Amino acid sequence: MKDWDGLVAGGHVRAGVELSRLTTYKLGGPARWFCEPSSLEDLRSVAVAARARGIELVVMGRGSNLVISDEGYSGLVIRLGAGFRKVEVDPESRIVRAGAAVSLPVLARRMAGEAWSGLEFYVGIPGSVGGAVRMNAGFFGVETVDVIRSASILNAGSGSVAERAADRLGLGYRTSNLGPDEVVLDASFSVRGGDRDRIAALMREAIRWRRDHQPGGTLNAGSVFRNPPGDSAGRIIDALGLKGMRRGGAHVSQKHANFFVVDPGGTAQDVFGLVWDVRQLVLDRTGILLEPEVRFIGFPRDGMGRPRRGNQD
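Here is a short report on the structure shown in this document.

### Concerning the sheet that holds strand S2 (residues 30-35)
Part 1 of the reasoning: Judged by pairing direction, the sheet is mixed, and its four strands sit side by side in the order S1-S2-S5-S3 without closing on themselves. Bordering the open sheet on either side are strand S1 (14-18) and strand S3 (57-59), each of which pairs with just one other strand. For this sheet the average axis-to-axis angle between neighbouring strands, irrespective of direction, equals 45°.
Part 2 of the reasoning: Two elements, S1 and S2, share four bridges in a ladder whose sense is antiparallel. Within S2, the residue paired with Ala 15 across the bridge is Trp 33.
Part 3 of the reasoning: Along the sheet, helix H1 (residues 40-52) makes contact with S2, S3 and strand S5 (73-78), crossing S5 at roughly 155°.

### What to know about unusual backbone geometry
Part 1 of the reasoning: Unlike most non-glycine residues, Phe 140 shows phi in positive territory, near 60°.
Part 2 of the reasoning: Here Phe 140 lies in the loop between strand S9 (138-139) and strand S10 (142-143).
Part 3 of the reasoning: Non-glycine residue Arg 174 carries a positive phi angle of around 55°.
Part 4 of the reasoning: Here Arg 174 is to be found in the loop between strand S12 (161-165) and strand S13 (182-190).

### Section: the sheet that holds strand S6 (residues 87-90)
Part 1 of the reasoning: Taking strand neighbours across the sheet as the criterion, the five strands line up as S6-S7-S13-S11-S12 in an open arrangement whose pairing is antiparallel. Since the sheet does not close on itself, it has two edges, and those belong to S6 and S12, each with one partner. When the angles between neighbouring strand axes are averaged without regard to direction, this sheet yields 20°.
Part 2 of the reasoning: By the bridge criterion, four bridges tie S6 to strand S7 (residues 95-99) in an arrangement that is antiparallel. Residue pairing in the sheet places Val 87 in a bridge with Ala 98 of S7.
Part 3 of the reasoning: The sheet contacts of helix H2 (residues 104-113) involve S6, S7 and S13, and relative to S6 the element is tilted by about 35°.

### Some points on the side chain of Asn 220
Part 1 of the reasoning: Along the polypeptide, Asn 220 turns up in the loop between helix H4 (196-213) and helix H5 (233-239).
Part 2 of the reasoning: Of note is the side chain of Asn 220, whose polar atom sits 2.9 Å from the backbone nitrogen of Gly 222.

### Observations concerning a nonpolar patch on the surface
Part 1 of the reasoning: A contiguous nonpolar patch, built from Phe 140, Leu 202 and Trp 209 and spanning about 240 Å² of accessible area, is present on the exposed surface.
Part 2 of the reasoning: Residue placement: Trp 209 occurs in helix H4.

### Examining the packing of aromatic side chains
Part 1 of the reasoning: As enumerated under the stated definition, the model contains eight aromatic pairs in all.
Part 2 of the reasoning: The interplanar angle of 70° and the centroid separation of 5.8 Å between the aromatic rings of Phe 139 and Trp 209 together place this pair among those described as edge-to-face. Taken as a pair, Phe 139 in strand S9 and Trp 209 in helix H4 lie far apart in primary sequence, 70 residues in all.
Part 3 of the reasoning: A residue is classified by how much of its surface remains accessible, and Phe 139, at 9% relative accessible area, is buried.
Part 4 of the reasoning: On the accessibility criterion, Trp 209 (35% relative accessible area) is partly exposed.
Part 5 of the reasoning: Relative to Phe 299, the ring of Phe 272 lies with its centre 4.7 Å away and its plane at 10°, an arrangement referred to as stacked. With a gap of 27 residues between them, Phe 272 in helix H6 (residues 268-286) and Phe 299 in the segment after strand S18 (295-297) connect regions that are remote in the sequence. Note on accessibility: Phe 272 and Phe 299 belong to one class, buried.
Part 6 of the reasoning: Pairwise contacts between aromatic rings join Phe 121, Tyr 122 and Phe 189 into one cluster.
Part 7 of the reasoning: Positioned above the aromatic ring of Trp 33, the side-chain terminus of Arg 32 is 4.4 Å from the ring centre.

### Some points on a positive patch on the surface
Part 1 of the reasoning: Taken together, the side chains of Arg 204, Arg 208, Arg 211 and Lys 255 define a basic patch exposed on the protein surface.
Part 2 of the reasoning: Locating Lys 255 in the fold gives a position in the loop between strand S16 (250-252) and strand S17 (260-262).
Part 3 of the reasoning: A relative accessible area of 43% places Lys 255 in the partly exposed class.

### Structural notes on H6
Since one α-helical turn is 3.6 residues long, residues separated by three or four positions face the same way.
Part 1 of the reasoning: With 19 residues, H6 should cover 27 Å at 1.5 Å per step; its first-to-last C-alpha distance of 27 Å lies within 8% of that length.
Part 2 of the reasoning: Once H6 finishes, Gly 287 follows within two positions and takes phi at roughly 80°, a positive value.

### Concerning the pairing of strand S11 (residues 148-155)
Part 1 of the reasoning: Taking burial as the measure, the eight residues of S11 include six buried ones, the bulk of the element.
Part 2 of the reasoning: Both S11 and S13 contribute to a ladder of seven bridges, which runs antiparallel. Looking at S13, one finds that Ile 153 is bridged to Val 184.
Part 3 of the reasoning: Bridging between S11 and S12 involves five bridges; their strand directions are antiparallel. Bridge pairing links Ser 152 to Glu 163 in S12.

Analysis parameters
- Along each chain, numbering runs from 1 in the same order as the chain's sequence is written.
- With pLDDT at 70 or above as the cut-off, local features in this predicted model cover only qualifying residues; side-chain atom pairs require 80 or more to be listed or tallied, and sums for whole chains, interfaces and linings still use all residues.
- Water and hydrogen atoms play no part in the side-chain values, which are based on all heavy atoms of the structure.
- Strand pairing is defined by DSSP finding a minimum of two bridges between the two strands.
- The helix count covers DSSP runs of H or I at least four residues long, the strand count covers runs of E at least two residues long, and both are numbered beginning at the N terminus.
- Note on definitions: angles span 0 to 180 degrees between N-to-C directions of axes, and those axes are lines fitted to C-alpha atoms, for helices only across the stretch in contact.
- Note on definitions: a residue-residue contact is assigned when non-hydrogen atoms from the two residues lie within 4.5 Å.
- A 3.5 Å cut-off defines polar contacts: any pair of N or O atoms within that distance qualifies, except that in protein one atom must be a possible hydrogen donor and the other a possible acceptor, and neighbouring residues in sequence count only when both atoms are side-chain atoms.
- Only residues whose relative accessible area exceeds 30% and that take part in no salt bridge are eligible for patches, with like-charged residues grouped when within 9 Å of each other and nonpolar side chains (Val, Leu, Ile, Met, Phe, Trp, Tyr) grouped when within 5 Å.
- Surface exposure here means Shrake-Rupley accessible area, sampled with a 1.4 Å probe, where a residue is shielded only by the protein chains that are shown.
- Think of a salt bridge as a Lys or Arg side-chain nitrogen and an Asp or Glu carboxyl oxygen that are within 4 Å of each other.
- Any Phe, Tyr or Trp ring, taking Trp's six-membered ring, that has another such ring centre within 6.5 Å forms a pair; planes under 30 degrees apart are called stacked, those over 60 apart edge-to-face, and the others tilted.
- Each residue is assigned to one of three classes by its accessible area relative to the maximum for its type, calculated with a 1.4 Å probe on protein chains only: buried under 20%, partly exposed between the two thresholds, exposed over 50%.
- For a lysine, the NZ atom is tested; for an arginine, the CZ atom; a charge sits over a ring if that atom is within 6 Å of the ring centre and within 35 degrees of the ring normal.
- Here the positive residues are Lys and Arg and the negative ones are Asp and Glu; neither His nor the chain ends is included.
- A single reference atom marks each charge: NZ on Lys, CZ on Arg, CG on Asp, CD on Glu.
- In a helix, the anticipated span is given by 1.5 Å times the number of residues less one.

By themselves, these observations are geometric and do not establish any function.
Structural data, given as structure tokens:
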């Protein structure tokens, strides 16, 4: 299909947009189609049109947990625009509503500046509100499920919008019940009044902890694997002596074993291969099947198959 047959969706649909600059790994090829809608109307029109034409779509936030294939993505990539970056606080109910494209650190700092407490932990998560809802993002002992009240969800197939209460989002450890056709529009959170100095001190402590325990200033996508029940993926990988393990231009961080770092010249395929290799080694040696927390876009089946079952060493 050469074009959208004259479809105009707010003038936002473009072809061949490079995605590497939009991810923290700075890797990956172009999107066949790309849209950055600024309003619900634009988003609804392009999403419904894509589904009607059989075009696969993926919504990306700040690209902090994505690995885009070197060949790119053959469907439609949607990145929510300025209309989804609004933040409103109701002082009486102590509820803040934030658009899905709002940066989590920005949200945390704004609330701190207005002496609202409860969202300080978001300062250490380089993602967006939409991603936080979809993945139940957490840091420093607090998760999204602890503060969220509800989220507005668009069904990309039908174009309908529904407000879903927190207890209907299926939030668990780094997961929710949101389907691939569902797009987070905004979310509401509970906050409480607090002391600016104490809030700022807590945020500094969170940032300091992250700097001390996680690799900074490098190309990575945060935690690669979800922690298995009762254990830590980083501890398991470290215990197997896999820190520093390399696949092409990607390697397991020496600072935190659940962070995989890319060197200059590294490729998305290097990252994919390293994640697969580590996953297979952990399964072979411990019997534990680690599940990726990062999302693989444009790869076969948009992710990893199940590794072969082998004998434990």
